[in-house]
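# Reading the structure
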Amino acid sequence: MSYVRSLLGDYEPRGKLVQGVGKFIAFGLDDPFHVTTVTGLAIYGVGKMMERRTNYGLRMAKMDVHATAHELNKLVNDIRSLRL
């Protein structure tokens, strides 16, 4: 079962929620002593470290291919709409 889970991978990178909380604390809660800025950036760093341990499998690859195809389609439509 572990092999199948590692092959499928995660749905999204780990640590995204932690990074969001860190950004909010660092930049949303500003204080004169900058304690929240340091704390928020430390929490954000923990989230980035968690993101590096994300298992990139078939699930995330499928989502990346879909996002790339969508972006390419938007670019082609933008190029078509240009008048020369």
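Residues numbered from 1 in each chain as written. Predicted model: local features only at pLDDT ≥ 70, side-chain atom pairs only at ≥ 80, totals over all residues. Heavy atoms only, no water.

## What to know about the packing of helix 2 (residues 16–28) against helix 3 (residues 35–52)
- For the pair helix 2 and helix 3, interaxial distance at closest approach is 7 Å and the crossing angle is 165°. Comparing the axis directions of helix 2 and helix 3 gives the class roughly antiparallel. In the packing of helix 2 onto helix 3, the handedness of the crossing is left-handed. Here Lys16, Val18, Gln19, Gly22, Lys23, Ile25, Ala26 and Phe27 of helix 2 come into contact with helix 3, specifically with Thr36, Thr37, Gly40, Leu41, Ile43, Tyr44, Gly47, Lys48, Met50 and Glu51. (Axes fitted to C-alpha atoms, helices over the stretch in contact; angles between N-to-C directions. Helix = DSSP H or I, 4+ residues; strand = E, 2+ residues; numbered from the N terminus. Parallel < 35°, antiparallel > 145°, perpendicular 65-115°, else oblique. Left-handed = near helix turned anticlockwise from the far one by under 90°. Contact = heavy atoms within 4.5 Å.)

## Details of the pattern of salt bridges
- Within this structure, the stated rule accounts for 3 salt bridges.
- Glu51 is the partner of Lys16 in a salt bridge, and the nearest nitrogen-oxygen pair spans 3.4 Å. In this pair, Lys16 sits in helix 2 while Glu51 sits in helix 3, placing the two residues 35 residues apart along the sequence.
- Between Glu51 and Lys48 there is a salt bridge, and its shortest N-O distance comes to 3.2 Å. Of the two residues, Glu51 and Lys48 both sit in helix 3, 3 residues apart, roughly one turn of that helix. (Salt bridge = Lys/Arg side-chain N within 4 Å of Asp/Glu carboxyl O.)

## A look at helix 3
- If you check helix 3, its first and last C-alpha atoms are 26 Å apart, about what 18 residues at 1.5 Å a residue would give, namely 26 Å.
- Every buried residue belonging to helix 3 is among Thr36, Thr37, Gly40 and Gly47, and all of these are buried. Take helix 3 and look down its axis: the buried residues cluster within an arc of 95°, on one side only. Facing away from the buried side of helix 3, by more than 90 degrees, are the exposed residues Val35, Val38 and Arg52.
- On its buried face, helix 3 is in contact with helix 2. (Expected span 1.5 Å × (residues − 1). Buried < 20%, exposed > 50% of the residue type's maximum accessible area, 1.4 Å probe, protein only. Arc of directions from axis to C-beta.)

Remember that the coordinates give geometry; whether it matters functionally is a separate question.
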